[in-house]
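If you want the building blocks of each chain, they are given just below.
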Amino acid sequence: MGYLLMNFQGRSYECMSDCADMSSYLSRCQSCRVESGCFMIYDRPNYMGNQYFMRRGEYHDMQRMMSMGMMFDSIRSCRMIPYHRGQFRMKIYERENYGGQSYELMDDCDSIMDRYRMSDCQSCNVMDGHWLMYEQPHYRGRMMYLRPGEYRSFRDMGFSGMRFMSMRRITDMC
């Protein structure tokens, strides 16, 4: 079970599960503390928009975090990430609708270009585990959280123009 406390000053909100829209609790959230578990936070309601992975710790100032690569200044929704026991498996595809080159991953990949000579990843199938995909090699840039399921088109999911170049398993005790 995870526990996320939103806003250190003023009105606050405690979150122990997924929250699709925080606007009914907080008009603006600029700080949070993860007391247990791991969460993905989003800058738009319904788990849309820019995403950021949060593990146990305090995040005092979203404005300051923007300078560290976080692309938004207020949390609008959050999703708790369950701890996964067992193997991790994901098949990545060069093009949408599972087209082009494909490779199966069971561990982290810091660069699909270096490992597979693949210049882009536009769809995938997550068979086991929870993963983070990053737009740049070496786990940098904007990210996307993936749980088990089929992802036919990242563009249709709101990631138009983004290329995903590295992938990491979420292995934290979330």
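Everything numeric in this text was worked out from a predicted model, so none of it was measured.

Cut-offs and rules
As a convention, each chain's residues are numbered from 1 in the sequence order in which they are written. Selection of residues for local features in this predicted model requires a pLDDT of at least 70, selection of side-chain atom pairs for listing and counting requires 80 or more, and totals for whole chains, interfaces and linings are taken over all residues. In computing side-chain values, all of the structure's heavy atoms are included and hydrogens and water are not. Among the buried residues, those of types Ala, Val, Leu, Ile, Met, Phe, Trp, Tyr and Cys that are joined through side-chain atoms within 4.5 Å form a nonpolar core. Only protein chains enter the area calculation, which uses a 1.4 Å probe; residues under 20% of their type maximum are buried, those over 50% are exposed, and those in between are partly exposed. Only DSSP runs of H or I covering at least 4 residues are called helices, and only runs of E covering at least 2 are called strands; the numbering of each starts at the N terminus. Contacts are assigned to residue pairs that have any heavy atoms within 4.5 Å of one another. Pairing between strands is defined by DSSP: at least two bridges between the two strands are required.

(A) Highlighting the nonpolar core. Judged by nonpolar contacts, the single largest core of 22 residues is most densely connected at I92, I112, C124, M133, L146, F154 and M167. Taken together, the elements giving at least two residues each to this core come down to β8 (89-95), α2 (112-116), β10 (123-128), β11 (131-136) and β12 (140-146). The contacts of M133, once residues within four sequence positions are left out, are C121, C124, R142, M143, M144, L146, F154, F164, S166 and M167. Y13, M22, C32 and F39 belong to the second largest nonpolar core, which has 14 residues in total.

(B) How the structure looks around the pairing of β10. Bridging between β8 and β10 involves five bridges; their strand directions are antiparallel. Bridge pairing in β10 places K91 opposite N125. Pairing of β10 with strand β13 (residues 149-151) involves three bridges; the strand directions are antiparallel. When the sheet's bridge partners are listed, C124 is paired in β13 with Y151.

(C) Up close: the pairing of β12. As judged from the five bridges shared by β11 and β12, these two strands associate in the antiparallel manner. Note on β12: the bridge partner recorded for Y134 is M143. Hairpin connection, β11 to β12: the antiparallel pair is bridged by three residues, and H138 has positive phi, about 60°.

(D) Quick look at the environment of S119. Tracing the backbone shows S119 in the loop between α2 and β10. A relative accessible area of 29% places S119 in the partly exposed class. Measuring from C-alpha to C-alpha, the distance between S119 and R163 comes to 8.4 Å, with 44 residues separating the pair along the chain. Not counting residues within four places of it along the chain, the set of residues in contact with S119 comprises M113, R163 and M165.

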